[in-house]
Amino acid sequence: MSASTASADPSTGRSDSKRWWALAAVSLAAFMGYLDNNIVNVAIPTIQRHLHLSVAGLEWVVSSYLLTLAGLLLVGGRLADVFGRRRLFLVGLALFTLSSLAAGLAGSGGTLIASRAIQGIGAALLMPATLAIIMATFHDVRERTMAIGIWAAVGALALATGPVLGGLISQHLRWGWIFLINVPVGVITFAIAMRNVRESREESAVRQLDVPGLVTSAVTLFALTYALIEGNVRGWTSPLILGAFALAAVAVAAFLAIESRTANPMVDLTMFRSREFSGGTGTMMIWAFGILGIYFFTSLYLQQTLGFSPVKAGLAFVPMALCVAVFAMIAPQVQARAGAHRTVAFGMLLMVVGLLLFARLGLQATYVSLLPGFMLFGAGAGLMNVPLTNSVMAATTADRAGIASALLNASREVAGLLGITVIGAVLSTRRAAALRSGASPVHAFLDGYHTGLLVTIALMAAGVVVSYVTLRPRAGAARPASEITTVTELENIGASLGELTATDSRS
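What you see is a predicted model; the values in this text were computed from it and never measured.

### Concerning a nonpolar patch on the surface
Link 1 in the chain: Together, V211, V215, V219 and L247 line one region of the surface with nonpolar side chains, adding up to about 300 Å² of accessible area.
Link 2 in the chain: Ranked by residues supplied to the nonpolar patch, first place goes to helix α10 (residues 211-234) with 3 residues.
Link 3 in the chain: In this fold, V219 is placed in helix α10.
Link 4 in the chain: Given a relative accessible area of 30%, V219 falls into the partly exposed group.

### Remarks on the pattern of salt bridges
Between side chains of opposite charge, a pair can form as their charged atoms come close.
Link 1 in the chain: This model, assessed by the stated rule, comprises 1 salt bridge.
Link 2 in the chain: Where R430 meets D447, a salt bridge forms, and the shortest distance between an N and an O atom there is 3.0 Å. Separated by 17 residues along the polypeptide, R430 in helix α17 (residues 401-436) and D447 in helix α18 (residues 441-470) bring together distant segments of the chain.
Link 3 in the chain: D447 sits in the partly exposed class, given a relative accessible area of 26%.

### Comments concerning the packing of aromatic side chains
Link 1 in the chain: Under the definition given, this model contains 4 aromatic pairs.
Link 2 in the chain: Taken together, Y301, F445 and Y449 form an aromatic cluster joined through their ring pairs.

### As for the packing of helix α5 (residues 85-104) against helix α6 (residues 109-137)
Link 1 in the chain: At a minimum axis distance of 7 Å, the contact between α5 and α6 shows a crossing angle of 150°. Relative to α6, the element α5 is oriented roughly antiparallel. For the pair α5 and α6, the crossing hand works out as left-handed.
Link 2 in the chain: Of the residues belonging to the contact of α5 with α6, the class tally is 19 nonpolar, 8 polar and 1 charged.

### Here's the deal with the packing of α5 against helix α9 (residues 182-196)
Link 1 in the chain: Direction vectors running N to C along α5 and α9 enclose 160°, while the axes themselves pass 9 Å from each other. As summarised for this structure, α5 and α9 are arranged roughly antiparallel, according to the angle between their axes. α9 is crossed by α5, and the crossing has left-handed handedness. Residue-level contacts link R86, F89, L90, L93, A94, F96, T97, S100 and L101 of α5 to N182, V183, G186, V187, T189, F190, A193 and M194 of α9.
Link 2 in the chain: Split by residue class, the contact of α5 with α9 holds 11 nonpolar, 5 polar and 1 charged.

### A few points about the side chain of T137
Link 1 in the chain: You can see T137 is positioned in helix α6.
Link 2 in the chain: The class of T137 is buried, set by a relative accessible area of 4%.
Link 3 in the chain: Polar side-chain contacts of T137 include one of 2.7 Å to the backbone oxygen of I133.

### With respect to the confidence of the model for the protein chain
Link 1 in the chain: The pLDDT averaged across the protein chain works out to 77; a share of 82% of its residues lies at or above 70.
Link 2 in the chain: This stretch, residues 1-14, has a pLDDT under 50; its non-local contacts, to residues over four places away or in other chains, come to 26 contacts.
Link 3 in the chain: This model gives residues 478-507 a pLDDT under 50, and the stretch forms 116 contacts once residues within four places in sequence are excluded.

### Let's talk about the nonpolar core
Link 1 in the chain: Counting residues in each nonpolar core, the largest one holds 114 residues, and the members touching the most others are F89, L112, W287, Y301, L302, L370 and Y449.
Link 2 in the chain: When residues of this core are assigned to their parent elements, the largest contribution, 12 residues, is made by helix α2 (residues 16-42).

### Quick word on the environment of F358
Link 1 in the chain: Examined against the element boundaries, F358 turns out to sit in helix α15 (residues 340-359).
Link 2 in the chain: Assessed through its relative accessible area of 6%, F358 is described here as buried.
Link 3 in the chain: Distance in space between the C-alpha atoms of F358 and L371 is 9.7 Å, their sequence separation being 13 residues.
Link 4 in the chain: F358 has contacts with T298, L370, G373, F374, Y449, H450 and L453, leaving out every residue within four places of it along the chain.

### Remarks on helix α16 (residues 367-394)
Link 1 in the chain: Here α16 is 28 residues long and its end C-alpha atoms lie 40 Å apart, about the 40 Å a rise of 1.5 Å per residue gives.
Link 2 in the chain: Burial runs high along α16: 20 of the 28 residues are buried.

### Regarding the environment of A461
Link 1 in the chain: Positionally, A461 belongs in helix α18.
Link 2 in the chain: C-alpha separation for the pair A461 and I286, spaced 175 residues apart in sequence, amounts to 9.6 Å.

### Observations regarding the side chain of N196
Link 1 in the chain: Relative to the elements of secondary structure, N196 occurs in helix α9.
Link 2 in the chain: Assessed through its relative accessible area of 6%, N196 is described here as buried.
Link 3 in the chain: Polar side-chain contacts of N196 include one of 3.0 Å to the backbone oxygen of I192.

Parameters at a glance
Residues numbered from 1 in each chain as written. Predicted model: local features only at pLDDT ≥ 70, side-chain atom pairs only at ≥ 80, totals over all residues. Heavy atoms only, no water. Patch = residues over 30% accessible without salt bridge, like charges linked within 9 Å, V, L, I, M, F, W, Y side chains within 5 Å. Areas by Shrake-Rupley, 256 points an atom, 1.4 Å probe, with all protein chains shown as cover. Salt bridge = Lys/Arg side-chain N within 4 Å of Asp/Glu carboxyl O. Helix = DSSP H or I, 4+ residues; strand = E, 2+ residues; numbered from the N terminus. Buried < 20%, exposed > 50% of the residue type's maximum accessible area, 1.4 Å probe, protein only. Phe/Tyr/Trp six-rings, centres within 6.5 Å; stacked < 30°, edge-to-face > 60°. Axes fitted to C-alpha atoms, helices over the stretch in contact; angles between N-to-C directions. Parallel < 35°, antiparallel > 145°, perpendicular 65-115°, else oblique. Left-handed = near helix turned anticlockwise from the far one by under 90°. Nonpolar A, V, L, I, M, F, W, Y, C, P; charged D, E, K, R; others polar. Contact = heavy atoms within 4.5 Å. Polar contact = N/O pair within 3.5 Å; in protein donor to acceptor, adjacent residues only side chain to side chain. pLDDT = per-residue confidence, 0-100. Core = buried A, V, L, I, M, F, W, Y, C linked by side-chain atoms within 4.5 Å. Expected span 1.5 Å × (residues − 1).

Given below as structure tokens:
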């Protein structure tokens, strides 16, 4: 699309420069959000020393963010669809920036935990709205692909630099700078967005909120996320955890009943009748369940078994983040030639091979020996997520882009927490058996880690099959006239990196 055509496009009314400045705002917001997710956990020991936090308090520095983020993603997606993506973007960005300032200046554990919870609220409003802006701003498929590639590369840069920067700050500066670094970025992003991001909401979207649906969805996700976070600490059979699971079950039943009866539901349940939507979401859950679970323990393996410092452990993930960015940018070209089902399945297969290489590593692994597994996994993650999200989002109507994005991300968040829980139980059981057999603690952990890897490999192999079968084009089906080139790509391809240490303090 030529510059003159873009400028005259009545659907945008924007100059080329304003559209690319809007992309800059989206990319900066992504950079800030994922930098925050990566940078925090490396500094957890320093925070504990300076604020004299108990173990429980330290856990909630991380968990409060995850709880509000996961609990309110669906709410944020629906609000963006109804009231406008730009509006929710600015509100979420303001909340995130101000709460980052409060967290950086916190003088007590309570203030820090409350600030982190508000950060999660801001991110829940920001994520669906931010990513939908790219689809609304770039109508030309080729330009949109280029914009998504730039956006993914910026996000991957944040994912790569987060752990390293967190280690440097925690070693040489006051720990508060891990949060304060968000403030100038947030202010600059807000100023750019105010000037260059136009409002977008589909005219077909009914300007009415399904309040019962909003409430029951939030209660469901809050209760389930809380139970998964606290289950290992309080015990899975404790009354509080059983009560949280029961509340989640009752709330989800109420949510489904409400959504099936209301005229303007928060989530149109007919979306799940689509093979592409259900299969794609299921593929993402399989990926998140296995990968986020094993990534948590890979971080422990690097630091506790191999003896890597936080900075060196962070550097180990840099090549993977770079591979994610590079292959995310070429994924649309691969999809155009091979089809979404083959591209996604092949990407997941690459990740399986990467994990198999990790399963062969032992106590003497070096930085160099880690590289092939990391790079193959990064290539596969970058390759699969663009066409996967394309397929899921193309199966929904444009007025539901925000809520579809939020559903995909909420399923990933919850599945990732579930993976940490279940694979952690597998690892712990195998480690305990090895200890009873006389193995040393280090060898016992390695044995459990390898068992967890094998479970993850089996899950990912199942994902290869599920993605290939469910994402295959229908016979005689026409290609969508305006394919959505991902509303949630960066969360999806960056989830494993952005959250691989999100619960390190719980070890």
